[in-house]
Amino acid sequence: MAAIEEVTEAVSNLHVSESHKKNRIQVSNTKKPLFFYVNLAKRYMQQHNEVELSALGMAIATVVTIAEILKNNGLAIEKKIMTSTVDMKDESRGRPIQKAKIEILLGKTANFDELMAAAAEEREIAEGEEQS
């Protein structure tokens, strides 16, 4: 009976860690343009109040740029920055390599919702002018 309880507990703990990752964006240098990630981060902050940006190796500079854009526009505050190295396998040579990793946790600023509403209003005005 104890084994079943352990499994049940492990499954419920797994679920908790899974839900924590709903607001994580894993940034790549090659897959999407910079502002795709900026806009996605805004949407995640609207839904979850915070967003975790994560990157490996050469994509670290991109994550830092995204975080700085959001901070400089008054949309985000830095909550936590974590750096580490990750053991990976080099695809071409098949040997283990270490890659740098960064995770930046950003939260909404007090006036995030106001700024987002103002930006949406500006877009509506601009679209109205285009049509007339």
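With an unreviewed UniProt entry as reference, the protein chain is termed DNA/RNA-binding protein Alba-like domain-containing protein, source organism Amborella trichopoda.

Asker: Honestly, the overall build of the protein chain in this entry has me stumped. Any pointers?
Answerer: When you go through the protein chain residue by residue, the secondary structure sums to four helices and four strands. Taking as baseline every contact in the protein chain between residues at least 6 positions apart, the subset at least 24 positions apart corresponds to 68%. When the accessible surface of the protein chain is split by element, carbon and sulfur atoms take 53% of a total near 9200 Å².

Asker: Can you help me understand the nonpolar core in this one?
Answerer: Soluble globular proteins tend to bury their nonpolar side chains together. In this structure, I25, V51, L53, L70 and L106 are the most contacted members of the largest nonpolar core, which totals 25 residues. Where this core is concerned, the elements lending two or more residues are α2 (34-48), β2 (50-56), α3 (60-72), β4 (96-108) and α4 (112-131). If near-sequence neighbours (up to four positions away) are discounted, L106 is found in contact with M45, N49, E50, V51, L53, A67, L70, K71, A76, I77 and E78.

Asker: So what exactly am I meant to see when it comes to the pattern of salt bridges here?
Answerer: Throughout the structure, instances matching the rule amount to eight salt bridges. Here K71 and E68 are joined by a salt bridge, their closest N and O atoms 2.8 Å apart. Taken together, the positions of K71 and E68, both in helix α3 and three residues apart, correspond to about one turn of that helix. K71 gets classed as partly exposed once you look at its relative accessible area, which sits at 25%.

Asker: Quick question: what am I supposed to make of a negative patch on the surface here?
Answerer: There is a patch of like negative charges on the surface, built from E121, E122, E124, E127, E129 and E130. Secondary-structure assignment places E130 in helix α4. Residue class for E130 comes out exposed when judged on its relative accessible area of 65%.

Asker: I'm lost on unusual backbone geometry in this one. Help?
Answerer: Generally, phi is negative for residues other than glycine and the peptide bonds are trans, each holding for most cases. Its identity is not glycine, yet N49 carries a phi of approximately 70°, on the positive side. You can see N49 is positioned in the loop between α2 and β2. With a relative accessible area of 46%, N49 lands in the partly exposed category.

Asker: Could you clarify how one ought to interpret α3 in this entry?
Answerer: Since the α-helix packs 3.6 residues into each turn, any two residues three or four apart lie on the same face. If you check α3, its first and last C-alpha atoms are 18 Å apart, about what 13 residues at 1.5 Å a residue would give, namely 18 Å. Within α3, the full set of buried residues consists of I60, T62, V63, I66, A67, I69 and L70. Packing partners of the buried residues in α3 comprise α2, β2, β3 (76-89) and β4.

Asker: Hey, could you run me through the pairing of β4 in this one?
Answerer: In the case of a regular strand, side chains alternate between the two sheet surfaces. The sheet contact formed by β2 and β4 spans seven bridges and is antiparallel. If you follow E50 over to β4, its bridge partner there is G107. Looking at chain direction, β3 and β4 are connected through 13 bridges and run antiparallel. What sits directly across from V86, in β4, is K99. Hairpin connection between β3 and β4: a loop of six residues separates the two successive antiparallel strands, and G94 in this loop has a positive phi of roughly 75°.

What counts as what
- Chains are numbered independently. Their residues run from 1 in the order of the written sequence.
- Owing to the predicted nature of the model, reporting of local features is limited to residues with pLDDT of at least 70; listing and counting of side-chain atom pairs is limited to 80 or more, with chain, interface and lining totals taken over all residues.
- Values shown for side chains rest on all heavy atoms present in the structure; no hydrogens or waters enter the calculation.
- Strands are runs of DSSP state E lasting at least two residues, helices are runs of H or I lasting at least four, and both sets are numbered from the N terminus onward.
- Contacts are assigned to residue pairs with any non-hydrogen atoms lying within 4.5 Å of each other.
- Under the convention used here, a 1.4 Å probe and the Shrake-Rupley method define accessible areas, while residue burial counts only the protein chains that appear.
- Nonpolar cores are built from buried Ala, Val, Leu, Ile, Met, Phe, Trp, Tyr and Cys residues. Side-chain atoms within 4.5 Å join them into one set.
- Note on classification: 1.4 Å probe, protein chains only; a residue is buried when its accessible area is under 20% of the maximum for its type, exposed when over 50%, partly exposed between these limits.
- Put simply, a salt bridge is a Lys or Arg side-chain nitrogen that is within 4 Å of an Asp or Glu carboxyl oxygen.
- Nonpolar side chains (Val, Leu, Ile, Met, Phe, Trp, Tyr) are joined into patches within 5 Å and like charges within 9 Å, using only residues with over 30% relative accessible area and no salt bridge.
- Charge counting follows a simple rule: Lys and Arg are positive, Asp and Glu are negative, and His as well as the terminal groups are ignored.
- Note that the charge is assigned to NZ on lysines, CZ on arginines, CG on aspartates and CD on glutamates.
- How far a helix is expected to stretch is found by multiplying one less than its residue total by 1.5 Å.
- A strand pair is defined by DSSP finding two or more bridges across the two strands.

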